[in-house]
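Chain and residue survey
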Amino acid sequence: MDAQCNILVTADGVYRGDKLINLKKIASEALDRCKESSASSVQKCVVVKHPAFITSSDASSSLQTPWDELCDIWWDDLMDGVSDECEPEWMDSEDPLFILYTSGSTGKPKGVVHTVTGYMLYTSLTFKYVFDYHHDDVYWCTADIGWITGHSYITYGPLANGATSVLFEGVPVHPHVGRLWEIIEKYGVSKFYTAPTAIRLLMKYGKEPLQRYDLSSLRVLGTVGEPINPEAWLWYYDVVGQQRCPVIDTFWQTETGGHVLTPLPAATPLKPGSATCPFFGVQPAILNEHGEELEGEAEGYLVFRKPWPGIMRGVFGNQERFESTYFRKFPGFYVTGDGCRRDKDGYYWITGRIDDMLNVSGHLLSTAEVESALSEHPSVAEAAVVSRPHAVKGECLYCFITLKDQQEFNRTLMDELKRKVREKIGPIATPDFIQNAPGLPKTRSGKIMRRVLRQIARNEKELGDLSTLADPKVVEVLFSQRCEAAA
Ligand code: WTA
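Conventions used here
Residues numbered from 1 in each chain as written. Predicted model: local features only at pLDDT ≥ 70, side-chain atom pairs only at ≥ 80, totals over all residues. Heavy atoms only, no water. Near = heavy atom within 4 Å. Polar contact = N/O pair within 3.5 Å; in protein donor to acceptor, adjacent residues only side chain to side chain. Areas by Shrake-Rupley, 256 points an atom, 1.4 Å probe, with all protein chains shown as cover. Helix = DSSP H or I, 4+ residues; strand = E, 2+ residues; numbered from the N terminus. Nonpolar A, V, L, I, M, F, W, Y, C, P; charged D, E, K, R; others polar. 1 Å grid on protein atoms, 1.4 Å probe; cavity = no way out; pocket = protein on both sides within 12 Å on 5 of 7 lines; lining within 4 Å. Points joined across faces, edges and corners; volume = space filled by probe spheres on them. Buried < 20%, exposed > 50% of the residue type's maximum accessible area, 1.4 Å probe, protein only. Contact = heavy atoms within 4.5 Å. Pairing = 2+ DSSP bridges. Axes fitted to C-alpha atoms, helices over the stretch in contact; angles between N-to-C directions. Phe/Tyr/Trp six-rings, centres within 6.5 Å; stacked < 30°, edge-to-face > 60°. Lys NZ or Arg CZ within 6 Å of the ring centre and 35° of its normal. Core = buried A, V, L, I, M, F, W, Y, C linked by side-chain atoms within 4.5 Å.

1. Some words on the site of the ligand
- Near the ligand you find 17 residues, and of these Asp249, Thr250, Thr254, Asp338 and Arg353 are the closest.
- Between an oxygen atom of the ligand and a side-chain N or O atom of threonine 254, the distance comes to 2.6 Å.
- Between an oxygen atom of the ligand and a side-chain N or O atom of arginine 353, the distance comes to 2.7 Å.
- Compared with its free state, where it exposes 530 Å², the ligand has 97% of that area covered by protein.
- Those elements that provide at least two residues to the shell around the ligand are α6 (148-160), β12 (247-250) and β18 (348-353).
- Residue composition of the shell around the ligand, by class: seven nonpolar, six polar and four charged.

2. Describing the layout of surface pockets
- Roughly 210 Å³ of volume is contained in the second largest pocket.
- As for the second largest pocket, its lining consists of Asp356, Thr443, Gly446, Lys447, Ile448, Met449, Arg450, Arg451 and Arg454.
- Looking at the lining of the second largest pocket, its residues break down into two nonpolar, two polar and five charged.

3. Looking at helix α14 (residues 450-457)
- For α14, the buried fraction is high: six of the eight residues fall into the buried class.
- Elements in contact with the buried residues of α14: α12 (367-375), β21 (380-390), β22 (394-403), β23 (433-436) and α15 (473-480).
- A positive phi of about 60° marks asparagine 459, the residue just after α14.

4. Some remarks on the sheet that holds strand β10 (residues 191-194)
- Strand order in the open sheet formed by five strands is β9-β8-β10-β11-β12, with parallel pairing between adjacent strands. At either end of the open sheet lies a strand with only one pairing partner, and these are β9 (164-166) and β12. Between one strand axis and the next, the sheet turns by 20° as a mean value, whatever way the strands run.
- Against the sheet, α6 makes contact with β8 (138-141), β9, β10 and β11 (220-224), and its axis sits at roughly 160° relative to β8, the strand it touches most.

5. Section: the packing of aromatic side chains
- By the definition in use, this model includes 30 aromatic pairs.
- Relative to tyrosine 139, the ring of phenylalanine 127 lies with its centre 4.7 Å away and its plane at 90°, an arrangement referred to as edge-to-face. Taken as a pair, phenylalanine 127 in helix α5 (residues 116-130) and tyrosine 139 in strand β8 lie far apart in primary sequence, twelve residues in all.
- Since its relative accessible area comes to 0%, phenylalanine 127 is described here as buried.
- The exposure class of tyrosine 139 is buried, given its relative accessible area of 1%.
- The ring of tyrosine 347 is capped by lysine 271, whose NZ or CZ atom sits 4.6 Å from the centre of that ring.

6. A word on the nonpolar core
- Ranked by size, the top nonpolar core spans 40 residues in total, and within it Tyr193, Phe251, Val260, Leu261, Leu302, Phe304 and Trp308 carry the most contacts.
- Here this core gets four residues from one element, more than from any other, and that element is α5.
- Leaving out residues up to four positions away in the same chain, valine 260 has contacts with Tyr122, Phe251, Trp252, Cys277, Pro278, Phe279, Val282, Phe304 and Trp308.

7. Brief notes about the environment of valine 239
- Assignment of secondary structure puts valine 239 in helix α10 (residues 230-240).
- By relative accessible area, which is 15% here, valine 239 ends up buried.
- The spatial distance from the C-alpha of valine 239 to the C-alpha of valine 303 is 34 Å, given a sequence separation of 64 residues.
- Each residue touching valine 239, except ones within four places of it in the same chain, is listed here: Lys207, Leu210 and Leu234.

8. Considerations on the pairing of β18
- Direction of pairing for strand β17 (residues 334-342) relative to β18: antiparallel, over a ladder of five bridges. By the bridge assignment for β18, glycine 339 is matched with glycine 352.
- Taking the residues between adjacent antiparallel strands as the criterion, β17 and β18 are bridged by five residues, where glycine 346 takes a positive phi near 85°.

Structure follows, in structure tokens:
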């Protein structure tokens, strides 16, 4: 509805590991909700039959694809008898190419707008140099095609270069934990791009699953989506790349369109955990809270001074939000929302989000978004969500729940809360920890002190200055009842 789209394209179903997901049912439920609103513009839903369900009638019948004769149409029926020649539509270089939604710190996702030429030029160029692309390469990016990494580095960048790519639908450990290594051997993958969360997951199974496969085709290993801890970096370099392949830690965002801080293979000396240096034409700076630019070794807000071709052109339908989110805090700069350190050699080290966002398995979530889903539960009076470090996911969600009077905090409630978040946002946002919080630490003006909640979640006893709290006693209570184990 926000994008005012007319046509929805979906598939009947997909498999995630061995789990069957009825995608059309989810799409139909969303369309029903749209229809309840007069603002809905969707007229048609085009449904692609997933190959797995064409061949297997068992799976197909278990899907029971819901169907609305007025709105739904099968892709195959639509394409039946259509000419296989299609004249290109000539576009202006600044015409919009797509809108991709990303979490916003106020809760409502933002529709990031990219344009035809700038975005394609930038993804094409970064793909070529950052992966040191050559025509005999076999390239594989394991990202989901629906996220920005899949847009830029499965679709546009590789296709613009005519690259041979592996497309993969599945999860890294199904049907066995050597799945990724098996595919690398099978297709002779030379350039491989994945996320720290996948590396940490696979590290848990040790070296043995890799030793069963021939990985000698590999030449460059890329990583994206969240800070990579040096331990995972070294495992990627030593075990996966057998110390032959540079690890390319690419820092970028949905908003930047393509890589902005990244090493170039064999050209940039590497440091485990650092996204190293800016890509051609990108001008990073580090500012302090007052907007003063810091020189040399420093830590602060990561900003960019000048635009590059692939930078977003706006938030769809909301110019004010575009300006206030990215340009108002520090006039004259694009604000990433990430913290960053520069070392004595001028290398950049991303320290993570410094707004109310968190990064779970490489997916950006806003705490406000999760809080609002939790607060929809009828028993909940108030919810506050913070991040807590997690061995595989990088960060996970720790939720504090204040119940309405007479409501009981129990297992059923916890399950209902988890379900609520899964439905509203998605499985990736499922809370790991849910704590009953009779009260929340607030300032006298009523603002929740998230810093204190983060410290409780992380069991950090040095709480620092609590003098602005309206009732410091709540902190003791919350500490005494903190969750040790995941819910
Ligand atoms: C984080 C994903 C450290 C960062 C392409 C950023 C990273 C957010 C890295 C964007 C990296 C991405 N090192 N942090 N190499 N890459 N991030 O929009 O916090 O889904 O702001 O784009 O992910 O997430 P998004």
